[in-house]
Number of protein chains: 2
Amino acid sequence: MALKHIAESTVRRLSDYLRFLEELEAQGQQTVSSGELASLGGTTSAQVRKDLSFFGSFGKRGLGYTVTALSRSLRQILGLERTWKVAIIGGGKIGRALAQYHGFRERGFDVVAVYDIDPARIGVSLDGVVVRDQRDLDADLTTLAVDIVLLAVPAEAAQPLVDRVTSAGIRAILNFAPVPVQASSRVAIRSVNMALELEFLAYELVNRDA
Amino acid sequence: MALKHIAESTVRRLSDYLRFLEELEAQGQQTVSSGELASLGGTTSAQVRKDLSFFGSFGKRGLGYTVTALSRSLRQILGLERTWKVAIIGGGKIGRALAQYHGFRERGFDVVAVYDIDPARIGVSLDGVVVRDQRDLDADLTTLAVDIVLLAVPAEAAQPLVDRVTSAGIRAILNFAPVPVQASSRVAIRSVNMALELEFLAYELVNRDA
DNA sequence: TGTAACTTGTGAAATCATTCACAAGCGGAA
DNA sequence: TTCCGCTTGTGAATGATTTCACAAGTTACA
Ligand SMILES: NC(=O)c1ccc[n+]([C@@H]2O[C@H](COP(=O)([O-])OP(=O)(O)OC[C@H]3O[C@@H](n4cnc5c(N)ncnc54)[C@H](O)[C@@H]3O)[C@@H](O)[C@H]2O)c1
Ligand SMILES: NC(=O)c1ccc[n+]([C@@H]2O[C@H](COP(=O)([O-])OP(=O)(O)OC[C@H]3O[C@@H](n4cnc5c(N)ncnc54)[C@H](O)[C@@H]3O)[C@@H](O)[C@H]2O)c1
């Protein structure tokens with residue numbers, strides 16, 4: 001199917017399209033055109049069609065796309081036909097917010113465990129998931145068959161934990177610590193850096209129409 | 001100074017470089033080469049030099065860059081020589097985590113107010129900032145001279161609040177709701193969509209070396 | 001059946017971003 | 001002063017992504 005490399009920007013837009021399709025599905029809309037998807041996502045109809053064309057041909061000329069069919073195809077492309085098991089490391093402020101966030105479960109990401117190093121935090125229940133001691137981490141990752149690790153620990157703990165969880169076989173990490181972390185190219189890593197987003201906005205405030 | 005349009009990717013990398021420079025500064029290092037900055041940020045030395053070249057010429061051939069001087073220049077380019085006032089709308093799980101996050105203050109972003117609509121949430125103190133009624137929002141934005149709004153409200157409340165705060169003169173918004181929001185091109189908007197990040201990782205797990 | 005109104009899928013063109021490659025500048029050593 | 005090792009700054013080349021533009025397919029309807 002996906003023979004050559006697909007741009008990250010394309011994959012991200014597919015996620016957006018899927019969200020719109022689910023909304024249209026809920027509203028009972030049968031078909032949708034590339035132009036309609038484009039305006040929902042702030043892009044162009046050519047972009048939508050090009051994005052989809054990397055994976056196949058899903059529409060009908062003159063008609064557009066069948067909402068349910070395209071929705072199903074996108075879920076399949078994105079690997080969302082199954083649920084994914086997520087472990088959160090760090091049960092502090094952001095780790096707790098993430099553990100209790102229903103938006104993950106709704107989209108097929110099950111938080112199966114939360115870990116901390118602080119005895120005061122261990123044992124606390126977050127929406128049914130009890131915070132465990134990080135000493136159990138390595139064994140648990142295998143036992144629980146965790147697919148994705150969310151890192152919500154202080155900056156200095158991030159890289160050591162990346163090394164640790166990748167040794168345990170983890171191949172996907174979402175890092176919230178404001179430092180770049182590295183791993184073998186077999187491991188997919190994304191970072192969410194909120195302070196950096198604010199700095200970008202500050203730059204825009206200073207430079208926009210200036 | 002910055003005459004033509006600068007790519008977003010360039011500005012984001014400048015933020016990264018600044019972080020590395022501050023770390024090097026703390027370690028007492030005097031000068032740094034583009035290659036050194038590149039390896040810290042997982043990029044190439046040519047990329048570092050090209051990024052900087054859009055804004056001027058900061059280094060010395062044969063020597064590299066003076067850490068403190070480049071650090072100061074980047075802060076100036078990014079608009080970080082002043083502090084920015086931030087208001088958070090939504091005092092729920094993620095809003096509270098953000099309000100109590102020290103990383104913002106450390107980088108010059110002062111959380112001056114938090115707003116909610118739920119009486120049970122109003123009046124709660126978060127690290128010295130008391131949650132206020134969203135009815136005070138419009139007036140407060142002017143009175144407090146808020147620069148940037150963080151949106152941490154349910155998806156359906158996001159776009160109405162964007163309209164409301166932009167009417168009140170806000171020109172920079174960081175949105176955490178998992179929906180695209182729109183405003184006039186005078187307004188800078190970024191969205192952080194964590195479920196989308198997980199979907200991207202799921203795609204990678206399914207497609208990497210496949 | 002024929003035509004009008006739409007819309008897809010996709011090469012080709014245009015735009016945007018990164019990497020290359022090297023002349024030129026700097027500091028230190030002799 | 002000259003040479004050597006190192007590094008910047010930047011045009012030119014390459015690579016990647018987006019946009020254009022249009023042939024071809026579909027439906028509706030007279
Ligand atoms: N709070 C926010 O809104 C926010 C926003 C953006 C980024 N972040 C980043 O997220 C990370 C966590 O921030 P926070 O505000 O939740 O901090 P926090 O101090 O509230 O939580 C960090 C938690 O990690 C735990 N921890 C430390 N080392 C550990 C280890 N080796 N194994 C397991 N647990 C460990 C600590 O005990 C603590 O409970 C930081 O890197 C921070 O910069 C936080
Ligand atoms: N919790 C997370 O980790 C997380 C992660 C990613 C994204 N998000 C997104 O962030 C948003 C908030 O999530 P949450 O988990 O904090 O939800 P939450 O329900 O805990 O908090 C939302 C808060 O917004 C308040 N609110 C609603 N309408 C408002 C209005 N008009 N003005 C002011 N306040 C209003 C509610 O009273 C509530 O306190 C959602 O869009 C969610 O999808 C949350």
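Throughout, residues of each chain are indexed from 1 in the direction in which the sequence is written. Working convention: letters from A go to chains and numbers from 1 go to ligands, in the order in which they are written. A pLDDT threshold of at least 70 governs which residues receive local features in this predicted model, and a stricter bar of 80 or more applies before side-chain atom pairs are shown or counted, although totals over entire chains, interfaces and linings include all residues. As a convention, hydrogens and water are excluded, and side-chain values are obtained from all of the structure's heavy atoms.

Some points on the overall build of chain A
- Helices and strands together make up the secondary structure of chain A, namely nine helices and nine strands.
- Viewed in the frame of its principal axes, chain A has a C-alpha envelope of about 60 × 50 × 35 Å.
- Contacts are assigned to residue pairs with any non-hydrogen atoms lying within 4.5 Å of each other. If you take every contact in chain A between residues at least 6 apart in sequence, the share linking residues at least 24 apart comes to 57%.
- Residue-level accessible areas treat just the shown protein chains as cover; the underlying method is Shrake-Rupley with a 1.4 Å probe. As presented, chain A carries roughly 9800 Å² of accessible surface, and 50% of it is formed by carbon and sulfur atoms.
- Counting rule applied: Lys, Arg positive; Asp, Glu negative; His and chain ends not counted. To locate a charge, take atom NZ for lysine, CZ for arginine, CG for aspartate or CD for glutamate. Computed over 24 positive and 24 negative side-chain charges, the separation of the two mean positions in chain A equals 7 Å. Helical segments are the DSSP runs of H or I of at least four residues, strand segments are the runs of E of at least two, and each set is numbered from the N terminus.

Regarding the protein's contact with DNA strand C
- A single heavy atom is enough: if one lies within 4 Å of a molecule or strand, its residue is considered near that molecule or strand. Close contacts around DNA strand C come from 24 residues, with Ser34, Arg49 and Ser57 of chain A together with Arg61 and Gly62 of chain B the closest.
- Near the protein, meaning within 4 Å, the atoms of DNA strand C are sugar or phosphate in a fraction of 61%, with bases accounting for the rest.
- Within the side chain of Lys50 of chain A, a nitrogen or oxygen atom sits 3.4 Å from a base nitrogen of DNA strand C.
- Arg49 of chain B has a polar side-chain atom sitting 3.3 Å from a base nitrogen of DNA strand C.
- For the surface near DNA strand C, the elements supplying multiple residues, two or more each, are helix H3 (45-53) of chain A together with helix H1 (8-26) and helix H3 (45-53) of chain B.
- The element best represented in the surface near DNA strand C is H3 of chain B, accounting for four residues.
- When residues are grouped by polarity, Ala, Val, Leu, Ile, Met, Phe, Trp, Tyr, Cys and Pro land in nonpolar, Asp, Glu, Lys and Arg in charged, and all others, Gly among them, in polar. Tallied by class, the residues present in the surface near DNA strand C amount to five nonpolar, eleven polar and eight charged. Definition of a polar contact: a pair of N or O atoms within 3.5 Å, with one able to donate and the other able to accept a hydrogen when the atoms are protein atoms, and with sequence-neighbouring residues admitted only if both atoms are side-chain atoms.

Describing the pairing of strand S3 (residues 84-89) of chain B
Residues and elements named next belong to chain B.
- Per-residue accessibility, obtained with a 1.4 Å probe over protein chains only, is compared with the maximum for each type, and a residue is labelled buried under 20%, exposed over 50%, and partly exposed between these values. Most of S3 is tucked away: five of the six residues are buried.
- Strands qualify as paired when DSSP identifies two bridges or more between them. Looking at chain direction, S3 and strand S4 (residues 109-116) are connected through six bridges and run parallel. When the sheet's bridge partners are listed, Ala87 is paired in S4 with Ala113.

Let's talk about the site of ligand 2
- Around ligand 2 sit 22 residues in total, of which Tyr101 of chain A together with Ile94, Asp116, Arg121 and Val153 of chain B are the nearest.
- Taken together, the residues near ligand 2 originate from chains A and B.
- Contact distances for ligand 2 include 3.1 Å between an oxygen atom and a backbone N or O atom of Ala97 of chain A.
- Between ligand 2 and Val153 of chain B, the relevant distance is 2.7 Å, taken from an oxygen atom to a main-chain nitrogen or oxygen of the residue.
- Coverage of ligand 2 by the protein chains reaches 86% of its 820 Å² of free accessible surface.
- Of all the elements in the fold, those that place two or more residues in the shell around ligand 2 are helix H5 (93-99) of chain A together with helix H5 (93-99) and helix H8 (155-167) of chain B.
- Residues belonging to the shell around ligand 2 are distributed by class as follows: 15 nonpolar, three polar and four charged.

Notes on the sheet that holds strand S9 (residues 188-191) of chain A
- Across the sheet, which stays open at both edges, the seven strands sit in the order S5-S6-S4-S3-S7-S8-S9 (chain A) with mixed pairing between neighbours. Pairing within the sheet leaves two strands with one partner each, and these edge strands are strand S5 (125-126) and S9 of chain A.
- Interaxial angles span 0 to 180 degrees and are taken between N-to-C directions of axes, which are lines fitted to C-alpha atoms, for helices over the stretch in contact. The sheet contacts of helix H9 (residues 194-207) of chain B involve strand S3 (84-89), strand S4 (109-116), strand S7 (148-151), strand S8 (172-175) and S9 of chain A, and relative to S8 of chain A the element is tilted by about 160°.

Notes on the domain arrangement of chain A
- If you check the domain split of chain A, you get domain 1 (3-77) and domain 2 (84-196).
- Each domain's extent is set by a domain assignment, obtained either automatically or from a database. For domain 1 of chain A versus domain 2 of chain A, the separation of C-alpha centres amounts to 31 Å.

Notes on unusual backbone geometry
- Backbone geometry at Asp127 of chain A places phi at a positive 55°, although glycine is not the residue there.
- The topology assignment puts Asp127 of chain A in the loop between S5 and strand S6 (129-133).
- Under the relative-accessibility criterion, Asp127 of chain A is labelled partly exposed at 41%.
- For Ala145 of chain B, which is not glycine, the phi torsion reads 55° and is therefore positive.
- With respect to the element layout, Ala145 of chain B can be found in the loop between helix H7 (137-143) and strand S7 (148-151).

Structural notes on the interface of chain B and chain A
- The partner chain A presents 61 residues to the 61 residues of chain B that form the contact.
- Note: buried area is the sum, over both parts, of the accessible area (probe 1.4 Å) each one loses when the two are combined. Here chain B meets chain A over a buried area of about 5600 Å², counting both sides, of which 68% is carbon and sulfur.
- With a closest N to O distance of 2.3 Å, Glu199 of chain A and Arg107 of chain B form a salt bridge.
- Across the contact surface, chain B and chain A share 14 residue pairs in polar contact (both at pLDDT 80 or more).
- Elements with a contribution of two residues or more to the side of chain B that touches chain A: H1, helix H2 (34-41), helix H4 (67-78), H5, S7, strand S8 (172-175), strand S9 (188-191) and H9 of chain B.
- Counting residues per element, the side of chain B that touches chain A draws most heavily on H9 of chain B, at 14 residues.
- Residue classes in the side of chain B that touches chain A are distributed as 38 nonpolar, eight polar and 15 charged. Salt bridge, as applied in this entry: a Lys or Arg side-chain nitrogen positioned within 4 Å of an Asp or Glu carboxyl oxygen.

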